[in-house]
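Chain by chain, the residues run as shown.
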Amino acid sequence: MSSDSHPMTARTASYEADPAQVHRVLLLYSGGLDTSVMLKWIQDSYEAEVVCLTVNLGQPGEDYEVIKGKAMQLGALECHVVDAREEFAREYVAPAIKANALYGGGYPLFTALGRPLIAKLAVDYARRSGCDTIAHGCTGKGNDQVRIEATVATLAPELKVIAPVRSWQMGREEEIAYAREHGIPVKGGTEAAPYSIDDNLWGRSSEGRWIEDLSHAPEDDVFQLVTRPEQAPDEAEVVEVEFERGIPVGLNGERLELVELIERTAEIGARHGVGIVDHVEDRIVGLKVRDIYEAPAAAVILPAHQELERLVGTIHQNQFKPQLDRQWAYLVYAGLWWEPLRSDLDAYMDAVNVQVSGTIGLKPYKGQARVGTRSSGNAVYDASLASFAESGGLFSQAASPGFIELFSLQSRMAWRLRNES
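Keep in mind that this is a model prediction, so the values were computed, not measured. (Residues numbered from 1 in each chain as written. Predicted model: local features only at pLDDT ≥ 70, side-chain atom pairs only at ≥ 80, totals over all residues. Heavy atoms only, no water.)

Student: Account for the overall build of the protein, naming residues and giving values.
Tutor: The number of helices and strands found in the protein is 14 helices and 14 strands. Oriented by its inertia axes, the alpha-carbon framework of the protein measures out at about 90 × 55 × 45 Å. For the protein, the residues scored as buried account for 48% of the 421 residues in total. Sequence-distant contacts in the protein: of pairs separated by 6 or more residues, those separated by 24 or more amount to 72%. (Helix = DSSP H or I, 4+ residues; strand = E, 2+ residues; numbered from the N terminus. Buried < 20%, exposed > 50% of the residue type's maximum accessible area, 1.4 Å probe, protein only. Contact = heavy atoms within 4.5 Å.)

Structure (structure tokens):
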């Protein structure tokens, strides 16, 4: 390949591939337009062999045999399809539940949680397949490039990375033309650009089109997972989520493995319009962007967990932990899954969640999932103490005046100093 045909002329990071050293590439392959064009483009531009990896994290409606067949048809050396749902739920979603993980108060991190696992699997399969380079389909404006490349650079310094979408200067129309020229099947209509979708077991995001116009209210066709609240059933439904040590283990009295529990909770939440998030957030790369999220399972399970945690925690734990929850969510959002602070925080999350066992009842209805009932053998709660009826034992009402005098002492002194002058 001549130097002027190199798809990348300048490298700014040590892990970026030197085109002359790219011989066999592990491509993270979804079967969509970008990665299908990429599969052919890498073969042509780098004169390299391509091994594909497709990861199942619970994306609905995918036919993995079709995806694999398409990859092989387009010249892939191999196409590995990995069902990583159990690992995703156990090693990534479960810690997020313990950390009540929401970025910016609204985003339950489903894409951010999936990327480090996908990138870790890419490293595994690249090594297994004798690849020297990993390719992904992220753009230069998103967070996913950070999550994937930081993971590869952390876990496999010997592997290099290419990101064709950042370097090939093709818009959607050029991609479609390239696909037609090279006989690459393009599913769906190509007249209007579709939403940019990412989904897995824990949620779904939509970007692009009118979503980029902040003055534009959501259009109905964006909601492919959650029923619009206006069209949700007029009758509420009660759902009880049982937790053991912070992990959901049962739904409505039936014990379930985590993947199935998340799927069933998502069905209930989605039916009742629960889990729609219209969110403007700060990306790591400096942009402020709007996303439409649909996360029905997270919108039921996270509030249930948080409520149970509050019930079993002391006032001091409940004041402190949200600070660490926010830090945990930020690290994961920022692509720093392998940062030691994240595992340090996990140790705290695990310790706190030892007591988080019990059952929370919620009522999903018309877009909301309100907590209604609470039950735990570890609750720091005594109905007889909380009652307005006469109570003794651990709580002496006669002691209250002395407590009030001492508790308010500094505040009273400061008020007088500021007001007597």
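Student: Go over the packing of aromatic side chains with me, naming the residues and quoting the values.
Tutor: How two aromatic rings sit relative to each other is set out by the distance from centre to centre and by the angle between their planes. Tallying each qualifying case throughout the model produces 12 aromatic pairs. Ring centres of Trp-41 and Tyr-46 lie 6.0 Å apart, and the angle between their planes is 80°; this geometry places the pair in the edge-to-face category. For Trp-41, a relative accessible area of 10% corresponds to the buried category. Look at Phe-110 and Tyr-293: their rings are 5.5 Å apart centre to centre, the planes differ by 90°, and that puts the pair in the edge-to-face class. Of this pair, Phe-110 sits in helix 4 (residues 110–128) while Tyr-293 sits in strand 12 (residues 288–294); the two residues are 183 residues apart in sequence, bridging distant segments of the chain. Looking at Tyr-293, the relative accessible area reads 2%, which means it is buried. (Phe/Tyr/Trp six-rings, centres within 6.5 Å; stacked < 30°, edge-to-face > 60°.)

Student: How would you summarise the sheet that holds strand 6 (residues 196–200) if you had to cite specific residues and measurements?
Tutor: Pairing in this open sheet of 4 strands is antiparallel, and the strands run 6-7-12-11 from one edge to the other. With partners counted over all chains shown, the strands left at the sheet margins are strand 6 and strand 11 (276–282), one partner each. This sheet shows a mean twist of 25° between the axes of neighbouring strands, independent of strand direction. As defined by bridge partners, strand 7 (residues 203–207) adjoins strand 12 across 3 bridges and the pair is classed as antiparallel. (Pairing = 2+ DSSP bridges. Axes fitted to C-alpha atoms, helices over the stretch in contact; angles between N-to-C directions.)

Student: Give me the lowdown on the nonpolar core, citing residues and values where you can.
Tutor: Counting 79 residues, the largest nonpolar core has Leu-109, Leu-113, Trp-202 and Trp-328 as its most contacted members. Ranked by residue count, the leading element in this core is helix 4, at 11 residues. Non-local contacts of Trp-328, meaning those with residues more than four positions away in its chain, are made with Pro-95, Ala-96, Ala-99, Ala-101, Leu-109, Leu-113, Trp-337, Arg-342, Leu-345, Asp-346 and Met-349. Ranked by size, the runner-up nonpolar core spans 30 residues in total, among them Tyr-46, Ala-48, Tyr-64 and Trp-168. (Core = buried A, V, L, I, M, F, W, Y, C linked by side-chain atoms within 4.5 Å.)

Student: How would you sum up the side chain of Ser-36? Please name residues and give values.
Tutor: Examined against the element boundaries, Ser-36 turns out to sit in helix 1 (residues 33–46). Given a relative accessible area of 0%, Ser-36 falls into the buried group.

Student: Go over the packing of helix 3 (residues 85–98) against helix 4, please, and point to the residues and values.
Tutor: For the pair helix 3 and helix 4, the least separation of the axes is 10 Å and the interaxial angle reads 140°. As far as their axial angle goes, helix 4 and helix 3 are oblique. Helix 4 is crossed by helix 3, and the crossing has right-handed handedness. Judged by residue contacts, Glu-87, Phe-88, Tyr-92, Val-93 and Ala-96 of helix 3 engage Phe-110, Leu-113, Gly-114, Pro-116, Leu-117 and Lys-120 from helix 4. When the residues that make up the contact of helix 3 with helix 4 are grouped by side-chain class, the tally is 8 nonpolar, 1 polar and 2 charged. (Parallel < 35°, antiparallel > 145°, perpendicular 65-115°, else oblique. Left-handed = near helix turned anticlockwise from the far one by under 90°. Nonpolar A, V, L, I, M, F, W, Y, C, P; charged D, E, K, R; others polar.)

Student: Describe the pairing of strand 7, naming the residues involved and giving the relevant values.
Tutor: Within strand 7, 4 of the 5 residues are buried, which leaves the element mostly enclosed by the surrounding structure. Connecting the antiparallel pair strand 6 and strand 7 is a turn made up of 2 residues.

Student: Any details on the sheet that holds strand 10 (residues 254–255)? Residues and values, ideally.
Tutor: Strands pair in a sheet through their backbones, by hydrogen bonds, and they do so in one of two ways: parallel or antiparallel. Across the sheet, which stays open at both edges, the 5 strands sit in the order 10-9-8-13-14 with antiparallel pairing between neighbours. The open sheet has two edge strands with one neighbour each: strand 10 and strand 14 (368–375). The pairing of strand 8 (residues 239–244) with strand 13 (residues 358–365) spans 5 bridges and is antiparallel. Its bridge partner lying in strand 13, Glu-242 is registered against Thr-359.

Student: Please provide a residue-by-residue account of helix 3, values included.
Tutor: The first and last C-alpha atoms of helix 3 sit 18 Å apart over 14 residues, in line with the 20 Å expected at 1.5 Å per residue. For helix 3, the principal kink sits at Tyr-92 and spans about 30°; a proline, Pro-95, occurs within the next four residues. Of all the residues in helix 3, the buried ones are Phe-88, Ala-89, Tyr-92, Val-93, Ala-94, Pro-95, Ala-96, Ile-97 and Lys-98. (Expected span 1.5 Å × (residues − 1). Bend = angle between axes of the 7 residues up to and from the residue.)

Student: Can you lay out the pattern of salt bridges for me, pointing to particular residues and giving the numbers?
Tutor: By the definition in use, this model includes 29 salt bridges. When the shortest N-O distance is used, the salt bridge between Arg-24 and Glu-49 registers 2.9 Å. You can see Arg-24 sitting in strand 1 (residues 24–28) and its partner Glu-49 sitting in strand 2 (residues 49–56), a full 25 residues away along the chain. Taking relative accessible area as the criterion, Arg-24 reaches 25% and is therefore assigned partly exposed. A cluster of three or more residues bridged by salt bridges with shared partners is formed by Arg-115, Asp-144, Arg-147 and Asp-198. (Salt bridge = Lys/Arg side-chain N within 4 Å of Asp/Glu carboxyl O.)

Student: Any chance you could break down the pairing of strand 3 (residues 78–83) for me, citing the residues and the numbers?
Tutor: Sheet analysis places strand 2 next to strand 3, joined by 6 bridges and oriented parallel. Considered in strand 3, the bridge of Leu-53 is made with His-80. Tracing the backbone out of strand 2, into helix 2 (residues 64–73) and back to the parallel element strand 3 gives a crossover that is right-handed. (Right-handed = clockwise from strand over helix to strand, strands pointing away.)

Student: Talk me through helix 4; I want residue IDs and the actual numbers.
Tutor: Between its terminal C-alpha atoms helix 4 stretches 27 Å, which fits the 27 Å expected from 19 residues at 1.5 Å a residue. The buried fraction of helix 4 is high, at 16 of 19 residues. Where helix 4 ends, the next residue or the one after it, Gly-130, has phi of about 70°, a positive value.

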